Amino acid sequence: MAMPVLAISDLHVTVDGKEILKGVTLTIRGNEIHAIMGPNGAGKTSLAQTLMGHPGYTVTQGSVTLDGVDLLALRTHQRAQAGLFLAMQYPSEISGVTTANFLRTAINARRGDGSAISLKDFRDRLDHAMDLLSMDHKFANRYLNEGFSGGEKKRNEILQMLMLAPRIAVLDEIDSGLDIDAVRIVAQGLTSMVNDSFGALVITHYQRILTYLKPGFVHIMVDGRIVKSGDYHLAETLDAQGYDFLRPQSEHEPEQAAAGRL
Amino acid sequence: MTTSPPSLESLQQNDRDRVREHFSEDPDWLIEQRINAFFEYLHTPILARKRTPLNHRQFENLPLFTQQPPELGGSWLSAEMSDGLLVLAGSEVAVLRPPAGRTAERVIFTDLRTAAMTHFEVVKPYLARVARAANSKFDALNRAWWQNGVFLFIPRGVQIAEPFTVVHHQVASPGFFPRSLIVLEDDSEATVIDLYVSPSLKSGPRSLAAISVEAVVGANASLHYGSIEQLALNTDAFATRTADLETHARMDWNVGSFGSGLEVSQQTTYLNGTGSENNSLTVFFGSRSQHHDLEVTSVHQGAHTRSNIIGKGVMKGRSRSIFTGVTDIKQGARGSDARQKEQTLMLSDQARADAIPSLLIEENDVFAAHAASAGPVDANAIYYLTSRGVAPEEAEQLIVEGFLAPVIDAIALTEVRQRVWSAVREKVRE
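Residues numbered from 1 in each chain as written. Chains lettered and ligands numbered in written order. Predicted model: local features only at pLDDT ≥ 70, side-chain atom pairs only at ≥ 80, totals over all residues. Heavy atoms only, no water.

All names here are of chain B. Looking at the assigned domains, one finds that chain B contains domain 1 (71–380) and domain 2 (381–430). Distance from the C-alpha centre of domain 1 to the C-alpha centre of domain 2: 23 Å. The interface is formed by 35 residues belonging to domain 1 together with 24 residues belonging to domain 2. Summing both sides of the interface, domain 1 and domain 2 together bury roughly 2,500 Å²; the carbon and sulfur share of this comes to 69%. (Domains from an automatic or database assignment. Contact = heavy atoms within 4.5 Å. Buried area = accessible area lost by both parts, 1.4 Å probe.)

And the structure:
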C-alpha cells in the first residue's frame, strides 16, 4: 500500500466566530512521528478536532487532504474510514456498549458489507493488542470508558488505534494523567505501529513521552500558528527553557511563523 | 354464543342474560362473578390519570366481540416449541405443552377456562381476589369478559427453573381480554412470561385490550415474571397487574411496553409479609404518536420489606410517556427500604416524557429514595463513535441499545431478554 500523506495547508478555523487556527501548514507521511507542543490555548486540540470533523469547528480557509482525498468534504465517520484516527483527550463514556462489541462494529464499518471480521480473528487481534498494552482482558467486556480511570481511558484509546489500524493517527494529550510506566507502555504501543503505511501526530504538553517516541519532527504552536519546527532537540530545548524563549521570535516574525517553515 | 356482536352500550339492557348467553358453558359461580364484575365496571369511575384524558375515547361504543373466526399470525406458532408453552388465539387454545420433569403432575398449567371447570377448587378461591384490591375499572371489565388466559399453580415446595411461556394472540375482535392467574404456594419458585401480540402492528380496526395479571406469592416463594406487550397501534390497552406477597416472598417484574397506540397500566405489588421483596423493571419504547401512561406501585405493609422500582424508556417521534412510581409505606412497615429510579432517553424533540415519583410514608423507621432523569442523546458520544468509522445512524442505535443494556441484560430470563432485545431493535429501526 502506498505511503499515507496527510497534508494540511494554510488551515484557518473559527469556533463561535472567533479565529482559533490562523494558518496551519503541516505534512505528515508514513513512517513519521510529528509532535506538536505549545501552551494552553494555542490551538492544538482545535487542530486535532478540526481534522476529525468535530461539528463545533468551522474551517474558513485552507485545505486538508489524506492521500489526495479532500478530508474537509467528508463526514467524521468517512474520515475515519479513509484512515484517519483521533485519540481524544477526553474520550466519551458510552454506557451499555462494550469495548469489544464496539470495536467489532467499527472494524466492520470500515471493511464494508460482506467482509466482516471473523470472531476468531477479532479475538486473536484483540488479545494480542491488549497484551501489548499490558491491559487486563476483562476490559474488553466493560462498557466503553464507563468508570475508567484517566489512565485506563488513554490506554483504551491506544487499544482502539491498534485494532482499527489507521493510516494517520492524531493523539491528543495521550500522555496526560498517565504515570511513568503507562507513558512508556503507550509509547511502545504507538511505536509498534510506525511503518511505511502509518504516521502519527502527537500533541503533548510534556517532553516525557517524546523521550520514548523520539519524533523526527517537533513543532511548536502558539496562538493558532506553528511558530517553530525542528527535530527532537527542539523538545529538549523547550523542556529546559520553557515557552519564554519563543516569545520575542513569535512576536517579531509572525509572517514567517505562520508559514510553518522555520 | 350470541348472534349479533354485543357492545357495552347494548349490554346495559338485560346484562345478566347477555353474560349468561355469551358464557353459557361457564360454571354458575363464574357467571355470577362475571355479572358482578360487569356491574362493578359500569359503576367504577374511569381511571383518573392527569396527563392521559380518557373521557373522550368512547369505549362504550366499541363492539366487544365479532363472529369472525380467530386468525393467527404464523410467527409465534413457529417459535421454538418449548415445554411449558401455552399459545392462545383469542379464546382458543392453539398450543398447550405441559412442563417437563418429575414434578409436573402436581403442577397445574393450563388455559384459564379449562382450569375454571376442571380445577375450580383451586381457581375459585384465588380468581379476582388479588386484582379486586386494585379497584380498576378495566380489570372489572376483564373479570366480566375475559375470554381466556392462563392458570399456573405451583404447589408447596416445588421449584421449577424452566419458564412457562404464554402467548396471548389478539385475534380479529375489537375486544381483547386476556387474564393470567398465577399462584405459588409456600417455598415454591417459578418463572412465567406473558407475551401479548397482534397479527399486524399497523392495520386493522380500532380495538380495546384490557389485560389482567394477578399473582399470589406464598411465604419464601419466588416468582420471576416477564410481560412483553407488542399489540397493534390501533389498540387502546389497559393493563392491570397485581401481586400479593407473603412472608419473605420475592417478586421480580420484567415488563416491556412496546406496542399499542395508547397504553395505560397499573401495576401494584402488596408487600404484606415481613421481609418480602419486590423488584420491578419496566422498559418502555415509544415511537410515532404512542402514548404510554405507566404506574408502578409498591405497597409496604410488612416490616423489613424491600422494593426497587426501575423505569427505563426511549422516546421517538411524537411519542409521549408518563411513568409514575408510587412508594406507599404503611404504618408498621418499619425497617423497609424503597427505591425508585427512572431514566428516559429522548430521540426526538417532539417526544415528551414525564417521570412522577410519589412517596407516601406513614412509618418513621424507613429508607426511601428516588431519582429521575431525561435527556437527549449526547452529541459528544455520537461524535466519539463516528470518529471510529461508525455512521451516525448506527452510532445512535448503539447508544440507545447501550442505554437499555444494563437493565435488559440483567433480566435473568433468557427468553424474555432475547424478546425484549428484538422488540427494542425493531423499534430502533422503525
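This next bit is on the packing of helix H3 (residues 28–43) of chain B against helix H7 (residues 137–145) of chain B. All names here are of chain B. In the contact formed by H3 and H7, the axes pass within 7 Å of each other and the chain directions differ by 150°. Looking at the two axes, H3 sits roughly antiparallel to H7. Both H3 and H7 take part in a crossing whose hand is left-handed. Judged by residue contacts, Arg34, Ala37, Phe38, Glu40, Tyr41 and Leu42 of H3 engage Lys137, Ala140, Leu141, Arg143, Ala144 and Trp145 from H7. Partitioning the contact of H3 with H7 into residue classes produces eight nonpolar, no polar and four charged. (Axes fitted to C-alpha atoms, helices over the stretch in contact; angles between N-to-C directions. Helix = DSSP H or I, 4+ residues; strand = E, 2+ residues; numbered from the N terminus. Parallel < 35°, antiparallel > 145°, perpendicular 65-115°, else oblique. Left-handed = near helix turned anticlockwise from the far one by under 90°. Nonpolar A, V, L, I, M, F, W, Y, C, P; charged D, E, K, R; others polar.)

Here we come to the packing of aromatic side chains. Residues and elements named next belong to chain B. Within this structure, the stated rule accounts for eight aromatic pairs over all chains. Ring geometry for phenylalanine 38 against tyrosine 41: centres 6.1 Å apart, planes inclined by 20°, an arrangement best described as stacked. Separated by three residues within a single helix, phenylalanine 38 and tyrosine 41 lie in helix H3, roughly one turn from each other. By relative accessible area, which is 1% here, phenylalanine 38 ends up buried. Here phenylalanine 109 and phenylalanine 164 contribute two aromatic rings whose centre-to-centre distance is 4.9 Å and whose plane-to-plane angle is 50°, an arrangement assigned as tilted. (Phe/Tyr/Trp six-rings, centres within 6.5 Å; stacked < 30°, edge-to-face > 60°. Buried < 20%, exposed > 50% of the residue type's maximum accessible area, 1.4 Å probe, protein only.)

The next thing to look at is the pairing of strand E1 (residues 85–89) of chain B. Remark: a regular strand shows side chains that alternate across the two faces of the sheet. Residue and element names in this part refer to chain B. Among the five residues in E1, five count as buried, and that is most of the element. Every second residue of E1 is oriented toward a common face, with Leu85, Val87 and Ala89 on one face and Leu86 and Leu88 on the other, all of them buried. Here five bridges tie E1 to strand E5 (residues 164–169), and the two strands are oriented parallel to one another. The partner of alanine 89 across the bridge, within E5, is histidine 169. Pairing between E1 and strand E2 (residues 92–97): five bridges, direction antiparallel. Paired with leucine 86 across the bridge in E2 is leucine 96. Where E1 folds back on E2, the antiparallel hairpin that results is connected by two residues, among which glycine 90 adopts a positive phi of roughly 60°. (Pairing = 2+ DSSP bridges.)

Before going further, it helps to spend a moment on the interface of chain B and chain A. If you look at the interface, chain B gives 21 residues, while chain A gives 29 residues. For the pair chain B and chain A, the summed buried surface comes to about 1,900 Å²; carbon and sulfur atoms form 65% of the total. Three residues, Tyr383(B), Tyr384(B) and Arg388(B), lead the burial of chain B against chain A; their summed loss comes to 42% of the area buried on that side. Counting the contacts that link chain B with chain A gives one salt bridge. One salt bridge connects Glu157(A) with Arg388(B), and the closest N-O pair in it is separated by 2.5 Å. Summed over the shared surface of chain B and chain A, the result is nine residue pairs in polar contact (both at pLDDT 80 or more). Contributions of two or more residues to the side of chain B that touches chain A are made by helix H8 (379–386) and helix H9 (392–408) of chain B. Looking at the side of chain B that touches chain A element by element, the count peaks at nine residues for H9(B). Considering only residue class, the side of chain B that touches chain A consists of twelve nonpolar, five polar and four charged. (Salt bridge = Lys/Arg side-chain N within 4 Å of Asp/Glu carboxyl O. Polar contact = N/O pair within 3.5 Å; in protein donor to acceptor, adjacent residues only side chain to side chain.)

All names here are of chain A. Compared with the 20 Å implied by 1.5 Å per residue over 14 residues, the 21 Å span of helix H6 (residues 180–193) between its first and last C-alpha is a close match. Those residues of H6 not exposed but buried are Ala182, Val183, Ile185, Val186, Ala187, Gly189, Leu190 and Met193. In the core, the buried residues of H6 are packed alongside helix H4 (119–132), helix H5 (150–164), strand E7 (168–172), strand E8 (199–203) and helix H7 (208–213). (Expected span 1.5 Å × (residues − 1).)

Looking now at the pattern of salt bridges. Residues and elements named next belong to chain A. In total, this model carries 28 salt bridges over all chains according to the counting rule given. Lysine 22 serves as the salt-bridge partner of aspartate 223, at 3.0 Å between the closest nitrogen and oxygen. Of this pair, aspartate 223 sits in the loop between strand E9 (217–222) and strand E10 (225–230) while lysine 22 sits in strand E2 (residues 18–29), placing them 201 residues apart in sequence. With a relative accessible area of 41%, aspartate 223 lands in the partly exposed category. Of the charged contacts, one joins lysine 120 and aspartate 124 as a salt bridge, the two residues approaching to 2.7 Å between their closest N and O atoms.

Residue and element names in this part refer to chain A. Assignment of secondary structure puts threonine 65 in strand E4 (residues 58–66). Threonine 65 sits in the partly exposed class, given a relative accessible area of 23%. Sequence separation of threonine 65 and tyrosine 212 is 147 residues, and the distance between their C-alpha atoms is 29 Å. Among residues more than four places away in sequence, those in contact with threonine 65 are Val5, Leu6, Ala7, Asp70 and Leu71.

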